[in-house]
Amino acid sequence: MSSSTTLRTARRRSLRIAAAALTAAAALSLTACNNDDTSSKPAGQKTTAAAEPSSAGSSTGAPDSGAKPGSKEGASGKAASPVRTQTLADGSTAKIYELGEQRYRAKIVSDGSVTATLETKGHDDGLDANGMYVVLTLGGQVKSWMGGEHQGPGTFTLAGGWTAKVTKVGELRYRAQILGKEGSVDATLETNQHDVGLDANGVYIVLSAGGVISSHE
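Our subject in this report is the structure included herewith. Residue positions are counted from 1 within each chain, in the order its sequence is given. Totals for whole chains, interfaces and linings use all residues, but because this is a predicted model, local features are given only for residues with pLDDT of at least 70 and pairs of side-chain atoms are given and counted only at 80 or more. Computation of side-chain values covers all heavy atoms of the structure but excludes hydrogens and water.

## Side note on unusual backbone geometry
Going from Gly 152 to Pro 153, the amide bond is cis rather than trans, its omega being 5°. Per the convention used, a helix needs a DSSP run of H or I reaching at least four residues, while a strand needs a run of E reaching at least two, with both numbered from the N terminus. Note that Pro 153 resides in the loop between strand 8 (150–151) and strand 9 (154–157). For Asn 130, which is not glycine, the phi dihedral falls at a positive 55°. Mapped onto the secondary structure, Asn 130 falls in the loop between strand 5 (125–129) and strand 6 (132–136). According to the relative accessible area criterion, Asn 130 is exposed, its value standing at 81%. Its identity as a non-glycine residue notwithstanding, Leu 172 has a phi of 55°, on the positive side. Three exposure classes are used, based on accessible area relative to the maximum for each residue type with a 1.4 Å probe and protein chains only: buried under 20%, partly exposed in between, and exposed over 50%. A residue is classified by how much of its surface remains accessible, and Leu 172, at 41% relative accessible area, is partly exposed.

Shown next as structure tokens:
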């Protein structure tokens, strides 16, 4: 082989090696650029995305207590147990629960069973429990007594000097106008298929759905 042929062959090999070196360098540069792009993403991005399912799971997975925010009967637990119990005129027991501002419930319990419930909703409540009369006031006080009945319609003298004018206004619906000493109407009770009651300045009055009215001081 001549010297000129040997020289050309050596140059070709040098060019191939140089081209291979350039290709390898370009590949390394591209890899380095890709690594730089990946590392340039915000470090907290993946952490935030992973935390979202966990956060959603904690809010939906918690059991619903059923108590509404601000509800006195559940959130504060006031209605969970009675604020007091009281023995009534016939020997039964009243369990008094506080539900809210001027709102009380009284459960009448006899022989371990709840036989009746009274509840104040902006006004006193009353009950004729088979000849025992019960009034639950807005302040949560319970008064019970037996006797002193008058069967309406009619006009009757009540305890404390009050007069009641009882009229029938419908089926199981009676109205009692409570009259003062001057004959003025100072209060009105009206049944609508259930008994009603009133605290008239320390005189307790019950009007039943059957038109029976009774009072006690």
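## What to know about the pattern of salt bridges
Any carboxyl oxygen of Asp or Glu that lies within 4 Å of a side-chain nitrogen of Lys or Arg is treated as forming a salt bridge with it. Scanning the entire structure with this criterion turns up 4 salt bridges. Close ionic contact of Glu 119 with Arg 105 constitutes a salt bridge, the shortest N to O distance being 3.0 Å. Within this pair, whereas Glu 119 is found in strand 4 (residues 113–119), its partner Arg 105 is found in strand 3 (residues 103–110), the two being separated by 14 residues in sequence. In this structure, Glu 119 and Arg 105 share a single accessibility class: buried.

## Notes on the packing of aromatic side chains
Side-chain rings of Phe, Tyr and Trp, where Trp is taken by its six-membered ring, are said to pair if the distance between their centres is within 6.5 Å; with planes under 30 degrees apart they count as stacked, over 60 as edge-to-face, and otherwise as tilted. The full count for this structure, using the stated rule, is 1 aromatic pair. Directly above the aromatic system of Tyr 97 lies the positively charged group of Lys 107, at a separation of 5.3 Å from the ring centroid. When the NZ atom of lysine or the CZ atom of arginine is within 6 Å of a ring's centre and also within 35 degrees of its normal, the charge is said to sit over that ring.

## Points about the side chain of Glu 119
The exposure class assigned to Glu 119 is buried, which follows from its relative accessible area of 15%. Only 3.0 Å separates the side chain of Glu 119 from the side chain of Arg 105, close enough to count as a polar contact. The residues touching Glu 119, leaving out its near neighbours within four places in the chain, are Leu 99, Arg 103, Tyr 104, Arg 105, Asp 125 and Leu 136. Polar contacts here mean pairs of N or O atoms no more than 3.5 Å apart (in protein, one a potential hydrogen donor and the other a potential acceptor; neighbouring residues in sequence count only if both atoms are side-chain atoms). Only heavy atoms matter for contacts: two residues are in contact if any of them lie within 4.5 Å across the pair.

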